[in-house]
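Secondary and tertiary structure notes
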Amino acid sequence: MGKSLHPKVKEFKEFVRKHPKIVKDVRSGNANWQELYEDWYLLGEEDTRWDIYRDEENKVGADKGESSKNGWFDHVGELVKNMDANQLQSHINNISEVLGTVQGVISQFQSNPKSSSVTNETRSKPSHPFSFRKD
């Protein structure tokens, strides 16, 4: 086993260790690992989807309003912590280039009225690809 696991997979494994009911659910055939991982990855650990796997003590002690606020802030904090500044800069540069290209295309279509009337005149006259002349 020379390959190490992806950090997100390691985080998911730690999440499963905290909630052993997940393993029981998979072994009983009520869930599968792929779906659980995708839900965990997309929804996060604080989502209500995981309430069925939480211990009863955690449910009673948690205040619903405060936990949802903290869950959202924690989620944003995790996103900021895991953010790669170079990758973010690369994405911003790509978006900037795309916006510049879109602006260029739009400016080509927003030409002055004289050129648009010329194009309208040429459109109304059928263009012949071959011009034949009589000698």
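Residues numbered from 1 in each chain as written. Predicted model: local features only at pLDDT ≥ 70, side-chain atom pairs only at ≥ 80, totals over all residues. Heavy atoms only, no water.

Within the chain one finds 7 helices and 0 strands. Ordered by position in the sequence, the α and β elements of the chain form the string α-α-α-α-α-α-α. Expressed as a percentage of its 135 residues, the buried residues of the chain come to 12%. A fraction of 46% describes how many contacts in the chain between residues 6 or more apart in sequence connect residues 24 or more apart. (Helix = DSSP H or I, 4+ residues; strand = E, 2+ residues; numbered from the N terminus. Buried < 20%, exposed > 50% of the residue type's maximum accessible area, 1.4 Å probe, protein only. Contact = heavy atoms within 4.5 Å.)

Looking now at the side chain of Asp25. In this fold, Asp25 is placed in helix H2 (residues 21-27). Residues contacting Asp25, with those up to four places away along its chain left out, are Asn30, Ala31 and Tyr53.

As a packed pair, helix H1 (residues 7-18) and helix H3 (residues 33-43) sit with axes 11 Å apart at the nearest point and diverge in direction by 105 degrees. One way to sum up the angle between H1 and H3 is to call them roughly perpendicular. Facing Lys8, Val9, Glu11, Phe12, Phe15 and Val16 of H1, the residues of H3 in contact are Trp33, Leu36, Tyr37, Trp40 and Tyr41. Class assignment of the residues belonging to the contact of H1 with H3 gives a composition of 9 nonpolar, no polar and 2 charged. (Axes fitted to C-alpha atoms, helices over the stretch in contact; angles between N-to-C directions. Parallel < 35°, antiparallel > 145°, perpendicular 65-115°, else oblique. Nonpolar A, V, L, I, M, F, W, Y, C, P; charged D, E, K, R; others polar.)

Now for the packing of aromatic side chains. According to the stated counting rule, one finds 9 aromatic pairs in the structure shown. When the ring of Tyr37 is compared with that of Trp40, the centres are 5.8 Å apart and the planes differ by 35 degrees; the resulting orientation is tilted. Placement of the pair is Tyr37 and Trp40 together in helix H3, with a separation of 3 residues, close to one helical turn. With relative accessibility at 4%, the residue Trp40 sits in the buried group. Through a chain of ring-to-ring contacts, three or more aromatic side chains come together here, namely Phe12, Phe15, Trp33, Tyr37, Trp40, Tyr41, Trp50 and Tyr53. Above the ring of Trp50, the side-chain terminus of Arg49 is found at 4.7 Å from the ring centroid. (Phe/Tyr/Trp six-rings, centres within 6.5 Å; stacked < 30°, edge-to-face > 60°. Lys NZ or Arg CZ within 6 Å of the ring centre and 35° of its normal.)

Our next topic: the confidence of the model for the chain. Interpretation of this model should avoid reading the predicted coordinates in detail wherever pLDDT is low. The predicted model of the chain averages 74 in pLDDT, with 69% of residues at 70 or higher. Summarising per-element confidence for the chain, the mean pLDDT is lowest in helix H4 (residues 56-61) (46) and highest in H2 (89). Low pLDDT, under 50, characterises residues 57-65; the stretch is placed with 3 contacts to residues that sit more than four places away or in other chains. (pLDDT = per-residue confidence, 0-100.)

A few words on the nonpolar core. Residues Phe12, Phe15, Val16, Ile22, Val23, Val26, Ala31, Leu36, Trp40, Trp50 and Tyr53 constitute the largest nonpolar core, which totals 11 residues. Where this core is concerned, the elements lending two or more residues are H1, H2 and H3. Those residues in contact with Trp40 that lie beyond four places of it in its chain are Lys8, Glu11, Phe12, Phe15, Glu45 and Trp50. (Core = buried A, V, L, I, M, F, W, Y, C linked by side-chain atoms within 4.5 Å.)

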